[in-house]
Amino acid sequence: MYILNFDEYLHLKTLLKKNFNADIHMHDTCQGQYFSLEKQNKKAEKFIKNYFKKKKLDIYFDNNGINFSLKDK
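Residues numbered from 1 in each chain as written. Predicted model: local features only at pLDDT ≥ 70, side-chain atom pairs only at ≥ 80, totals over all residues. Heavy atoms only, no water.

This brings us to the overall build of the protein. Secondary structure assignment for the protein yields 2 helices and 4 strands. Of the regular secondary structure in the protein, the N- to C-terminal order runs α-β-β-α-β-β. The C-alpha atoms of the protein give 11 Å as radius of gyration, which agrees with the globular expectation for 73 residues (11 Å, within 12%). Taken along its principal axes, the extent of the C-alpha atoms in the protein is 30 × 25 × 20 Å. Summarising the internal contacts of the protein: among those between residues at least 6 apart in sequence, 43% fall at separations of at least 24. Positive and negative side-chain charges in the protein, numbering 14 and 9 respectively, have mean positions lying 10 Å apart. (Helix = DSSP H or I, 4+ residues; strand = E, 2+ residues; numbered from the N terminus. Rg over C-alpha atoms; globule rule 2.2 N^0.38 Å. Contact = heavy atoms within 4.5 Å. Lys, Arg positive; Asp, Glu negative; His and termini not counted. Charge placed at Lys NZ, Arg CZ, Asp CG, Glu CD.)

Further remarks concern the pairing of strand S1 (residues 24–29). Across 6 bridges, S1 lies against strand S2 (residues 32–37) in antiparallel orientation. Looking across to S2, one finds that His25 is bridged to Ser36. Here S1 folds back onto S2, and the loop between the two strands holds 2 residues. (Pairing = 2+ DSSP bridges.)

Further remarks concern the side chain of Gln33. Counting through the fold element by element, Gln33 comes out in strand S2. Judged by its relative accessible area of 7%, Gln33 falls in the buried class. There is a polar contact of 2.8 Å between the side chain of Gln33 and the backbone nitrogen of Leu4. Contact partners of Gln33, with chain neighbours within four places excluded, come to Met1, Tyr2, Ile3, Leu4, Met26, His27, Asp28 and Ser69. (Buried < 20%, exposed > 50% of the residue type's maximum accessible area, 1.4 Å probe, protein only. Polar contact = N/O pair within 3.5 Å; in protein donor to acceptor, adjacent residues only side chain to side chain.)

In structure tokens, the structure reads:
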């Protein structure tokens, strides 16, 4: 599992707010990190997928398109 540091998270949070008016939240659990959008946003979801693809990370969104987690390829 890839752990996103706080600076990376803040950068992504800023990009999503500026470009899509979308809010993202980071959750830290015993099993690792996961993230959530406040509401489903297909454009923001596509951006997030491409953002992490460029970093060579796999991203897993749940069925509702709100919660996601990261994994090294």
